[in-house]
Every structure is written in C-alpha cells, then in structure tokens.
Amino acid sequence: MAHKWVYMFEEGDAEMRNLLGGKGANLAEMTRIGIPVPPGFTATTEACIAYQKDGGFPDGMWDQVVASMQKLNEQTGKTFGDANNPLLVSVRSGARVSMPGMMDTILNLGLTPAGVETMGAKFGDMRFAWDSYRRLIQMFGKVVLGAPAEPFEEIIDDIRKEEGVKTDAEVSAAGWKECARRFKELVENHTGQPFPEDPYDQLRLGTEAVFKSWNGKRAVDYRNNFGIPHDWGTAVNVVTMVYGNFADGKSGTGVAFTRNPSTGEKKFYGEYLLNAQGEDVVSGARTPTEVSKLVEEIPSAWHELQEIADKLEQHYREMQDIEFTIEAGKLWMLQTRSGKRTAASVVKIATDMVDEGLISQTEAVARVQASDIDQLLHPRFDLEVLAKTPVLAHGLNASPGAAVGKVYFDADTAEQKTKEEGEDVILVRPLTEPDDVHGMLAAKGILTQEGGATSHAAVVARQLGKPCVSGCGEININLKERKFTVGDVVVKEGDVISLNGAKGDVYLGTIPVVVPEFEEQTELQKILSWADETRRMMVWANADDPQQATRARSYGAQGIGLCRTEHMFLGERTQLFQNYILADDDAAKAAALAKMLPEQRDDFHGIFKAMDGLPVIIRLIDPPLHEFLPSREELMVDVAVAKVKGEDAGVKEKLLAKANELQEYNPMLGLRGVRLGVMMPDVNKMQVRAIFEAACDAAKEGVDVHVEVMIPLIGHVNELKFLQKLLLDEAKAVMDEKNATVSYKFGTMIEIPRAALTADEVAELAEFFSFGTNDLTQMTYGLSRDDAERHFLLQYVEQGILPVNPFQTIDRDGVGLLMKMAVEKGRATRPGLEIGICGEHGGDPNSIEFCHTLGLNYVSCSPFRVPIARLSAAHAVLREKGWPRIGDLGALDPDRKN
Ligand code: PEP
Ligand code: MG
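Residues numbered from 1 in each chain as written. Chains lettered and ligands numbered in written order. Predicted model: local features only at pLDDT ≥ 70, side-chain atom pairs only at ≥ 80, totals over all residues. Heavy atoms only, no water.

Draft legend 1. The arrangement of a negative patch on the surface in detail. On the surface, Asp 412, Glu 433, Asp 435, Glu 633 and Glu 634 cluster together into a patch of negative charge. Position of Glu 433 among the secondary structure elements: in the loop between strand 17 (425-429) and helix 18 (437-442). (Patch = residues over 30% accessible without salt bridge, like charges linked within 9 Å, V, L, I, M, F, W, Y side chains within 5 Å. Areas by Shrake-Rupley, 256 points an atom, 1.4 Å probe, with all protein chains shown as cover. Salt bridge = Lys/Arg side-chain N within 4 Å of Asp/Glu carboxyl O. Lys, Arg positive; Asp, Glu negative; His and termini not counted. Charge placed at Lys NZ, Arg CZ, Asp CG, Glu CD. Helix = DSSP H or I, 4+ residues; strand = E, 2+ residues; numbered from the N terminus.)

As structure tokens, this is what we get:
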C-alpha cells in the first residue's frame, strides 16, 4: 500500500502531534471526541520533509489530497469547485509547536466567479460574496504568488474613492466585484500568468506554499533561535469554511481561554465579535465584546461553548486557548491548544486542577517551572505602569526583582543614607568589591557599569536576594561629579531610578512595586509540599547569620550547607580581624582572637537556634587575608597625603606595610582556604572553639544541634591530616570544658581538581564532602571568574564557543566528571558519605538535576532560591522516571493516556 501522507480529521488524534502538527492533531482529537469541528484533513509533516528533499510532493500524496477532498464533498454535501453548491476551504499551516514565520492562512479557497453568484444568492448578500472573493485573490496573490501587499491596498483605496465611501464596510457588491477584477489583473502583471481559477490548482499551489514557508527566512531564524529542529516540518490543514461574518445577528467569531490566563481563576475568559471573521478579532480594527455577553446575544451558542470548554478541559486536563466561530447560530470549534499564562495562574490552575481531580499532585509539580517561582517571589513592578515607562538603559539581568531608590555612588553614603535618613537607596558602582558589601546590604538594589552575571555584585546580590543589574555598559559613571549619564540623560546623586533585575532594565523615576510574601502564596506552598514528597535530595541553604538562617528555614531549607564565616567579619568587625593581622607577637594575636571569639560564638549560637534539629555546616575562614585590609592603592594615597601634610600616617602605614607583605600575584591560587589554617592554625582553632562553645551552650538550652565543621580548599589529604586532628582536639576540649556533647562531623570542600581526583584518600579523614563548584569550575577551566566574566566569558557564550556560562550551569562534561569521580571514590572509601553542593550552582535547576543524577544528598543555595531548588529536585526525579520537560506538548504524565 502506498505510504499514507494525508489523514482525515476522524483518522487522527492528539497523540499524533509529531505527524499532524499541533493544530492538526488537536482538530483531529476534537473531532474524535465529538466536538463540532468543520470537516477537514491534514497533509503530514513527513510529506513536508519529503517535499523539501525532493522539491515536489512525494509519490501518491496529491492523489490522497484529491481523494480526501472527495470525502469532504461527501461529508458536507457540497462539491469543491462546483458553481452551484461550492465547497470552500481554508488552508492553514501547523507545525509541532506553534511558530511565527509560517504561511498565513488562506480563506475561501474553491470560490470561483460562478460560485460567488451562488454564495451571494444563498446567503442573500452579494456584497459579502464578492468581498469574500476579492479577499481570496488578495491573500492568494500575496501569500502564494508572492505579489507585494501595497498595490492591493491602493486598489481598495481607489475603489473607496470611486464609490465616495470611507470604510471597507461601505463598499458595495459592485465595488468588490470590480476590485476582484483589478486584483486579478494585478496578479497577472506580477506573475505573467492569469490568476489560477481552477480550485484544485489553487489547492495544490496553496499546499506547496505552506511546505515552502517551512524554509522561509523568518521560520528558519526562529527555529535557530529557539533550538527547534529543522527536520520537524509543518503539516497542512485543509478545513471546510464556516462563516462568522453574516449580518444575521447569529453569527460571530471569538477567542477564549477556559480559565483566566492572568489570575488562573476558573472562569471562562475571552472576547468575540458578531458579524466577523477570525482576523477581525485579532486585527484590533473593531473592539471585541467580553465573551460572557454572548449569553445574551446567542444564548444557545454560549451554553454549548461552556459545555465544550468543560469537555476540552476534562479531556486535555489543561487550560485551553480556543478559537470558535458561530455560523447562523451553529457553533464550530476551529482550534484548541494549551493556553499560555502568567506564573500566578500556572500555580493556581495546577492546584485547582488537583482539587478538581483532573490531575495528580505530581503532575501539578511537573507543570510549574523554576522561572514561575522566580516571578512569584521577587518583588515586581506594577505591570501597567511598567508598560508605559521607557527603558533608560539595559544591562545584564544579574539578580531578579524590582527596586526603586535614590542613586548613590559609594557604599558608605548608601549605608548612611539608609540608616540615618531612612532613604531607599540604589547603589551605583563601576564594579563592586568586598569593601562595598555594607552598601549592598543597605541598598534596595545594585547597578554596576561593568561585570558579568557572576561578578561580585551579581553573586552577592543573589545571595542577599537584592535586585541587581550588572554590566550595564550604556551608563557612564562619573564618580567625581557624582552622576551617571545615558546619552543626554543625566542622573545625579539623589535622583530616583527603578531597576528591573529580572530583565536587566533601568528606568528613570519611580515605578510602584508589588511585594509578594512567601507565607501568603498558599498555592505555591501546596505545590512545593507536593514537590517535597517527590524529591529525593534535600535542600539546604547558604546562610551567614541567624536572620538568613531563619528566612531559609521559612522557605523550607532542611539545613545550612554553607556558613561563610569570613562574612561575619565584614563591616565594623573588619577592624577586629585587622588587629589580628597586624599583631606583632603571639600575645597580641591571642588578644585579637579573644575579641573575635565572642562575636563568632554569638552568631553561631543564633544560627544553631534558628536551625534547631537540622544540620549546620560552618566553613572555616577561606579568603586571602588582604581582603580584610583596605586596598593598597587607597593606603598608598592616604600615607602619601599624610606625609605631604607632615602628619603621622600611623596605623595606615602599618596596614600598607602588611598589605605589601600579603600581596600575591594570584591570590585566588595563593594563601587562602586550608592553607591559612595550616599557616595560622590559631585562627581556625579560635573558630572551632567559638563553634563548639556556641553548640554546647545551645544544646544546654535544649536546642538539637548538628554541627558540621568544613575545611575549605584542600588539594591533598595531608592538609587534612595536619589540621583536622588539631581542630578535633580543640572541639573535644571545649566539650569537656562545657561538660556537654553535641552531634558533630568534620569534613571538607571539594573545590580543587586534585581533591576530586584523590577523593578516596580524602574520604579517609573527611566525614562529609561539599562541592564548591565556584572554585572547582575556576580551577578546572583554569580561569578566574571575575576576570573571565569581565573580559571574555560572555563573548564566549555569545559566539557559541561555550554553550552556557559554566559559573551559572555546571559543565557536566568537565567539572561534572570530576564530581562524579569524587562521589564514586569518596563513597568507595566511606560508604554512605554525605555529599552536597554549596557553590552557586546549587540554586540552578539544570545543575540541580545533574546533582540528583550523581546521587548527592543535598543541594545548598541562597535562601531565596530554596523554593526553586525544592521544585527542581522534584523535577529531577520526574525526569528520571521519563517525564518530558515542560513545554506545550500536551499532557505530561508519561503513564497516563487520554
Ligand atoms: C565555591 O567555591 O563554590 C564556594 C562555595 O566557595 P566560595 O564561593 O566561597 O569560594
Ligand atoms: Mg570556594
């Protein structure tokens, strides 16, 4: 038997989407379940692909089209091409996913001048009949035969002038007849051939034109942009015409959603126009009526529409976006597909559908995307005002959220204006550095002229949950004059700007902000609780103080995966650390450490209390010491100025000498991490003492403490051998002194490739591993993140040299391989070894999925990303079970058939 290239609607179903395209499959499915769809058929996507290969219809296809046309004749009781009782059809493209750039629909195919007379007589409206005919020539001429659009419009203009009328609606039957004649002339002049009058010629040319449009420039560009394969092809749908444009008061056309796409409310939502065709609703030339009014205008159609909407939702178990036409009181469905919607409505519809018994809790989880949660939890601008406000400048969308505030150009002023004057502040800097953190903490948002998506500003902003636009090269900062400019616009210190972190947009002036509360998002909470039942990995959070820990826990964190202790010495407390660095002898060092100890102990105590019953990983100090000193440049200037003035440069001079001493060619690979512990064990010992004093005190107060002490940046097991014993002894000493015991572990970060490669040896000592994928990525790629993002990494991604920024999404082939090895080797030595991740990747959905496949126990991310991680960890399980990725590809549950 010849290959089947063409399917009548009653031969297909929704499962055949790949073969029939989305539109064709859904028209077939509606036909199959008894919903009124005008009869029709679909030429397959396979036929399209064969057409591309051979430059013509594949063998047997055209015969099948003609045979299907005969069937349509039988089904409708009309005849295609017949003058007395013509069957008219539309020809529509329809790929697997809806795609712009494909051929526009052609209506009224099959209409001939003789047929026009019949049509006019039948409907008692010659004007309508000739108007339909001239539309056919116009659409066919433009879309299929490639004639330019304007001359058609010029002819219509002429006709209107000749008839002395202003609008198309006033043109007479004779006017449209004359228009059709001139259109044909125009087409003939353009193609050198008469307009094809034979309906089968029209059908053949129309079908070919759809196939050709698959490889039109716009379509190809679109597919390249969105990664849609070029060998999917498009189907062609041939559908019997139905007319909503009779002036009988019982005809019309509309588009609707089965639920509200912006709020998710279970209420039919949409609009329609009486006496109109589909394009009239979409074109916006007339103002459509709110759909519920249909109940007054054509009640029978309204009631049937409600039944159909219900039936479609029950059937597809998804909110549907539908197109319908009412011809002389009779309702026809022209399209159904799952409806696009806002994040709020994604979540509302998913939970409602669970309550209604339409979908399972697991499917509800599968339907929500990480980006939906992002949208729901970050403060956002009032969309109406936003739409009316022009963008001042555009940079990288480094950290999502909306912020409004007065511009200040340095961290101290930003902090002072916030604290002392209660102002909302936006910190604007060329770049941020660790020195600026107090200003970032105070600011509502951060804008930098330079720096990538994982620059200091971006990383810290995400951790703090503050909106940040980084790398905004369109602004020109003049720190001296305390202003920035964008073209002619000057923004001075104290002027108000608004930042949209999710888009990377900067606006002048105030845009009102709406702040969502996690606690109030009951639907989201439900989805996340279902995600919790699905996922295997735990979700922990990176938190440096009790407030962050409390917030993390309220978002559902099940532990702290990284407390960066150096962050406890930022701001005013930097002084304490400087005293240690400057100390000349052991006694002075001990005195400095003694002052630091109670501060750290208090912080730890607060964190243990906040995380009562849950594990807390505290990392010993990690960054190079110079980060606790002012910059050398700044000190040199201060000292020089003091000298010129004949003043005593005092402590600045000492600091400068120390800064010179500590200067390194490559601090990232220098004296930091465990190396600090080896060279100055007293600091680590003080930290361990503070940890265990706090832990014992908390335990005595009834807090259930589970502390895990983490040693950073090891490369060789001997580093652990040297340090861990020392620290363990200190911990035991404290517990003896306090006469208390707490549950504890000592473990390490895996963030140097050598540690991953020798993980079997490392695991002999380490009781847990945590992947520091920020450093592991830097060291595996051999690039410094800040330098790379500033100078070339984003270009690498733009040029496709790297598929994604490896600091945002784990490089599975390289860094990921090291992780895999470390997991296997580590657990070979120590079965059941606890392993997690605390690098930035712990909050990235794609990386979370990878961590799941490696068998990690948990991912740890910034508190604000905990909800996203809970969802993504559940998605990882679903993917493993064969669930497809989210898209508009119909039902998700692989085990469920409609
Ligand atoms: C890491 O390297 O991934 C990590 C968490 O440590 P930090 O970012 O503090 O260097
Ligand atoms: Mg690190």
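From this point, the narrative continues.
Draft legend 2. Here's a closer look at the sheet that holds strand 1 (residues 6-8). With antiparallel pairing, the five strands of this open sheet are ordered in space as 1-2-7-5-6. For this open sheet the edge positions go to strand 1 and strand 6 (106-109), each flanked by a neighbour on one side alone. Strand-to-strand twist in this sheet, taken as the mean axis angle between neighbours without regard to direction, amounts to 25°. Against the sheet, helix 3 (residues 61-76) makes contact with strand 1, strand 2 (40-43), strand 5 (89-95) and strand 7 (234-240), and its axis sits at roughly 10° relative to strand 1, the strand it touches most. Relative to strand 7, helix 8 (residues 199-213) is tilted by about 145°, and along the sheet it contacts strand 2, strand 5, strand 6 and strand 7. (Pairing = 2+ DSSP bridges. Axes fitted to C-alpha atoms, helices over the stretch in contact; angles between N-to-C directions. Contact = heavy atoms within 4.5 Å.)

Draft legend 3. Quick peek at a nonpolar patch on the surface. Together, Phe 792, Tyr 796 and Ile 801 make up a nonpolar patch on the protein surface, roughly 260 Å² of accessible area in all. On the secondary structure map, Ile 801 appears in the loop between helix 33 (793-798) and helix 34 (815-829). The class for Ile 801 is partly exposed, based on a relative accessible area of 49%. (Buried < 20%, exposed > 50% of the residue type's maximum accessible area, 1.4 Å probe, protein only.)

Draft legend 4. Structural context of the confidence of the model for the protein chain. Scored by pLDDT, the protein chain comes out at a mean of 91, with 97% of its residues at no less than 70. Across residues 887-891, where pLDDT falls below 50, the model places 10 contacts with residues more than four positions away in sequence or in other chains. (pLDDT = per-residue confidence, 0-100.)

Draft legend 5. A look at the site of ligand 1. The immediate surroundings of ligand 1 are formed by 13 residues, with Arg 564, Glu 751, Gly 772, Asn 774 and Asp 775 found nearest. In this structure, Thr 773 approaches ligand 1 through a main-chain N or O atom, which is 3.0 Å from an oxygen atom. Burial of ligand 1 by the surrounding chains reaches 90%, relative to a free accessible area of 290 Å². For the shell around ligand 1, the element with the highest residue contribution is helix 31 (residues 773-781), accounting for three residues. Its residues placed into classes, the shell around ligand 1 shows three nonpolar, four polar and six charged. (Near = heavy atom within 4 Å. Polar contact = N/O pair within 3.5 Å; in protein donor to acceptor, adjacent residues only side chain to side chain. Nonpolar A, V, L, I, M, F, W, Y, C, P; charged D, E, K, R; others polar.)

Draft legend 6. Structural detail: the packing of helix 24 (residues 632-644) against helix 25 (residues 650-662). Following both chains from N to C, one finds helix 24 and helix 25 inclined at 145°, their axes separated by 9 Å at the closest point. Considering the relative orientation of helix 24 and helix 25, their crossing is left-handed. Contact residues: Arg 632, Leu 635, Met 636, Asp 638, Val 639 and Lys 643 in helix 24; Lys 652, Glu 653, Leu 655, Leu 656, Ala 659 and Asn 660 in helix 25. Residues of the contact of helix 24 with helix 25, tallied by class, amount to six nonpolar, one polar and five charged. (Left-handed = near helix turned anticlockwise from the far one by under 90°.)

Draft legend 7. Highlighting the packing of aromatic side chains. Applying the stated criterion across every chain, the model contains 23 aromatic pairs. With a centroid separation of 5.9 Å and an interplanar angle of 70°, the aromatic rings of Trp 130 and Tyr 133 are classed as edge-to-face. Taken together, the residues span about one helical turn, with Trp 130 and Tyr 133 both in helix 5 (residues 126-144) at a distance of three residues. The rings of Tyr 51, Phe 57, Trp 62 and Phe 211 are connected pair by pair, giving a single aromatic cluster. One Lys or Arg, Lys 330, reaches over the ring of Trp 332 and ends 4.6 Å from the middle of that ring. (Phe/Tyr/Trp six-rings, centres within 6.5 Å; stacked < 30°, edge-to-face > 60°. Lys NZ or Arg CZ within 6 Å of the ring centre and 35° of its normal.)

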